[in-house]
Amino acid sequence: MIKDYRILLFIGLLGLVLLGLAIRKGFDEDYIRYQKAYYEALGEDFPGPVVKQVNVKTPSSMLVDRCQSCHIGASNPAARDFEMPLTAHPPIVPGAAEDPHDFNKIGCAVCHDGSSRDLDEHLAHGKAHGWIAPLVSGKIAQANCVRCHAMESGHLAGAEQFEKGRELFLEKACWGCHTVAGVSTSSQAPELSNAGGKYTFDYLYESIVHPKANDANSKMPEFDWVHDHETVVALATYLKGLQKTKLRSEETAPIGYIKPKADEIRISEPSVEAGRALFAGIPYEGSLSRGGCINCHAFRNDEGQLAGGHIGPELTWSIRNRGREYVREHIVNAREHVPDSIMPTFRDYNDAELESLVMFLSTFDYEVASDTKAQMLYDTYCISCHGENLDGRGVISEMLDPLPRDFSRHQFVSAYEERFKHSILNGVAGTAMPAWKNTLSEQDVELLVNFIHEKALENVPDKFRRVEASLPEIGDPDRRDWKNKGKVIQAGDAENGAVAFQQYCTSCHGKLANGKGPNAYNLHHPLPRNLLNKAFLNQEGVTDERLYQSILLGVAGTPMPPHDHLSDQTIIDIIAYIRANTREAE
């Protein structure tokens, strides 16, 4: 019995000790220490700890803000020279005689985020793991001006970095891929209308600089300008400000709200200078910039010097190679010509803006000297796509789909060299390969074909020879009729072809026949062909016989293997299925 009382006594004493420690910790909170230091700096007696709380009504709840329990001198001009967090907040509106921001009404978290209910410094600054809104400070806090102020257009004093980011979003052509409500409507990349509500500033910054850092499958290119810290900070500040949850109403805006007029001036008269401004992504005569082609595309000046990005094809010869109408259509919707193109759609351009761009592109007139050697021709016209080593890995190749042809494979060059001249002169429909017949002479083309031949076949002891195979005609005996059952070729059946395609082809070409099968990205360059590409499959050179040979014998120098185990009838049925998917409407 005595032992029981001793146990109870021990538990009671332990409880008292823990209670004492808890009370002591309560009097040693961060905010209490800061308040004592604040009054000591003022030379006044400490009146006792106070939890200063500001309640801000939001459309969905009440925002409880206790930040000024630590930042106690935020509204006191006499605390201007105190150390953080005791110092007075600097003016938000530069040059204003009296700053309209009353911290007793708006608190701190409306602008600076964090976890404003907490009194522990670590938690209050939003440093808890997984907290979506960690503290933002300095100019980055301008991202949150949108919560009370309309920032879609116009100027707001004290929000210069946000406004710079808004301009950059247009100048750097981000709008061409990303939808932002009220700004752009593209669906090429993830919508950013609520980017700031979903992601932290650091996440947004990192995703701009290293697009694959948070998504290994991201198709977003790494632009040259991402190494400019100030540019990325301004753009990330703008993106952080894209939030759906706002305080914009007469009832909830702490210091009032005025909805501005959103008038957008557009180019109305086409001109070369207007096209130049659109291409560079800069405003023109008061119009907002909705261009920025130069971020992806390069061009050559009169001396042949390159300027611009290395994401998309060089545009020096675009009008000469493609023609004005093709270029105009391509700007509006590149997928009409190249189904897998990652180029944004620019449907928002009006006729004057489109014509201005075409007019500017038509001014490019650089020409290579007529006596240029093959290496120089290749380096000028081909290297950006096909690469220094002819392996299809040029600086812009990663952003092209289908990928440029790999000429480092001697088997491919030996098997298909007779096609090269036609492909260079007339281009390859449905791909980024343009027709060069208006730019290169016959002699230039011959030099390039010979250059590729020599580079691909040097140090190759035995030239590869491809087996010849002709497309069987209706009524011919089937090649696989080994038991002499009298099987003869019939017209291709698309339904039977669909069944065979699902059985033999989908691992690479995908169930939809779009070249995106489960094994596609594990294969060596080039990737499987998109068999829904109407422009490619309906061009003159892609005959049924060519398809038959590619299926039966494989494509030399590529991952496409031979399928000689299939009967001729099965191959012809598969061709019928492919044709049914890509047949042009009559």
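Remember, it's a predicted structure, so these values are computed and weren't measured experimentally.

### Let's talk about the overall build of the protein chain
Part 1 of the argument: Of the regular secondary structure elements, the protein chain holds 22 helices and four strands.
Part 2 of the argument: Computed over its C-alpha atoms, the radius of gyration of the protein chain comes to 33 Å, more than 25% above the 25 Å expected for a compact globule of 586 residues.
Part 3 of the argument: Each principal axis of the C-alpha distribution contributes one length, and for the protein chain these read about 105 × 85 × 50 Å.
Part 4 of the argument: Residues counted as buried form 45% of the 586 residues belonging to the protein chain.
Part 5 of the argument: Excluding contacts between residues fewer than 6 apart, the proportion of contacts in the protein chain whose partners are at least 24 apart in sequence is 57%.
Part 6 of the argument: Each charge class in the protein chain can be summarised by its mean position, and for the 60 positive and 80 negative side chains these summaries are 6 Å apart.

### Describing the packing of aromatic side chains
Part 1 of the argument: Counting across every chain of the model gives 26 aromatic pairs.
Part 2 of the argument: Feature note: the residues Tyr 38, Tyr 39, Phe 46 and Phe 82 constitute an aromatic cluster, connected by ring pairs.
Part 3 of the argument: Cation over ring: Arg 33 sits above Tyr 34, and NZ or CZ is 5.7 Å from the ring centre.

### Focus: the domain arrangement of the protein chain
Part 1 of the argument: Under the domain assignment, the protein chain is made up of domain 1 (5-94 + 101-125), domain 2 (138-241), domain 3 (272-362), domain 4 (374-457) and domain 5 (476-581).
Part 2 of the argument: The gap between the C-alpha centroids of domain 2 and domain 3 is 23 Å.
Part 3 of the argument: With 17 residues of domain 2 at the interface, the matching set in domain 3 holds 22 residues.
Part 4 of the argument: Here domain 2 and domain 3 share an interface that buries about 1,500 Å² over both sides, 53% of which is from carbon and sulfur atoms.
Part 5 of the argument: Together, Leu 170, Trp 175 and Gln 188 form the three largest contributors to the area buried by domain 2 at its contact with domain 3, with a combined 37%.
Part 6 of the argument: Our count for the contact surface shared by domain 2 and domain 3 stands at five residue pairs in polar contact (both at pLDDT 80 or more).
Part 7 of the argument: Broken down by class, the residue content of the side of domain 2 that touches domain 3 amounts to eight nonpolar, four polar and five charged.

### Here's the deal with empty space enclosed by the protein
Part 1 of the argument: What the rule picks out here adds up to one cavity of 30 Å³ or more.
Part 2 of the argument: Its boundaries defined by the atoms lining it, the largest cavity holds a volume of some 90 Å³.
Part 3 of the argument: Every residue along the wall of the largest cavity is listed here: Asp 340, Asp 401, Pro 402, Leu 403, Asn 514, Gly 515, Lys 516, Leu 527, Pro 528, Arg 529, Asn 530 and Asn 533.
Part 4 of the argument: For the lining of the largest cavity, the per-class residue count stands at four nonpolar, four polar and four charged.
Part 5 of the argument: Each of domain 4 (374-457) and domain 5 (476-581) accounts for three or more of the residues forming the lining of the largest cavity.

### Observations regarding the packing of helix α8 (residues 201-209) against helix α9 (residues 229-240)
Part 1 of the argument: Between α8 and α9, the shortest axis-to-axis distance is 9 Å and the interhelical angle comes to 130 degrees. On the basis of their axis angle, the class for α8 and α9 is oblique. As for how α8 packs across α9, the hand of that crossing is right-handed. Packed against α8, whose contacting residues are Phe 201, Leu 204, Tyr 205, Ile 208 and Val 209, the element α9 presents His 229, Val 232, Val 233, Leu 235, Ala 236, Thr 237, Leu 239 and Lys 240 at the interface.
Part 2 of the argument: Tallied by class, the residues present in the contact of α8 with α9 amount to ten nonpolar, two polar and one charged.

### Observations concerning the pattern of salt bridges
Pairing between side chains of opposite charge can happen when the charged atoms of each approach one another.
Part 1 of the argument: Summed over the entire model, instances satisfying the criterion amount to 16 salt bridges.
Part 2 of the argument: Taking the shortest distance from any N to any O, the salt bridge between Arg 324 and Glu 355 comes out at 2.5 Å. Linking Arg 324 in helix α12 (residues 324-332) with Glu 355 in helix α13 (residues 351-361), this pair joins segments that are 31 residues apart in sequence.
Part 3 of the argument: Of the charged contacts, one joins Lys 516 and Asp 401 as a salt bridge, the two residues approaching to 3.4 Å between their closest N and O atoms. In this pair, Lys 516 is assigned in the loop between α19 (506-509) and α20 (534-537) and Asp 401 in the loop between α15 (383-386) and α16 (410-426), connecting sequence segments 115 residues apart.
Part 4 of the argument: Here the salt bridges do not stand alone but share partners, grouping Arg 324, Arg 328, Asp 351 and Glu 355 into one network.

### Details of the state of the cysteines
Part 1 of the argument: One pass over the full model with this rule turns up zero disulfides.
Part 2 of the argument: Cys 296 provides the cysteine sulfur closest to Cys 177, a residue in no disulfide bond, and the two sulfurs are 7.2 Å apart.

### Observations regarding the side chain of Asn 533
Part 1 of the argument: One can find Asn 533 in the loop between α19 and α20.
Part 2 of the argument: In this structure, Asn 533 is in contact with Pro 339, Gly 430 and Thr 582, ignoring residues within four places of it in sequence.

Reading the values: rules and limits
Residues numbered from 1 in each chain as written. Predicted model: local features only at pLDDT ≥ 70, side-chain atom pairs only at ≥ 80, totals over all residues. Heavy atoms only, no water. Helix = DSSP H or I, 4+ residues; strand = E, 2+ residues; numbered from the N terminus. Rg over C-alpha atoms; globule rule 2.2 N^0.38 Å. Buried < 20%, exposed > 50% of the residue type's maximum accessible area, 1.4 Å probe, protein only. Contact = heavy atoms within 4.5 Å. Lys, Arg positive; Asp, Glu negative; His and termini not counted. Charge placed at Lys NZ, Arg CZ, Asp CG, Glu CD. Phe/Tyr/Trp six-rings, centres within 6.5 Å; stacked < 30°, edge-to-face > 60°. Lys NZ or Arg CZ within 6 Å of the ring centre and 35° of its normal. Domains from an automatic or database assignment. Buried area = accessible area lost by both parts, 1.4 Å probe. Polar contact = N/O pair within 3.5 Å; in protein donor to acceptor, adjacent residues only side chain to side chain. Nonpolar A, V, L, I, M, F, W, Y, C, P; charged D, E, K, R; others polar. 1 Å grid on protein atoms, 1.4 Å probe; cavity = no way out; pocket = protein on both sides within 12 Å on 5 of 7 lines; lining within 4 Å. Points joined across faces, edges and corners; volume = space filled by probe spheres on them. Axes fitted to C-alpha atoms, helices over the stretch in contact; angles between N-to-C directions. Parallel < 35°, antiparallel > 145°, perpendicular 65-115°, else oblique. Left-handed = near helix turned anticlockwise from the far one by under 90°. Salt bridge = Lys/Arg side-chain N within 4 Å of Asp/Glu carboxyl O. Disulfide = S-S within 2.5 Å.

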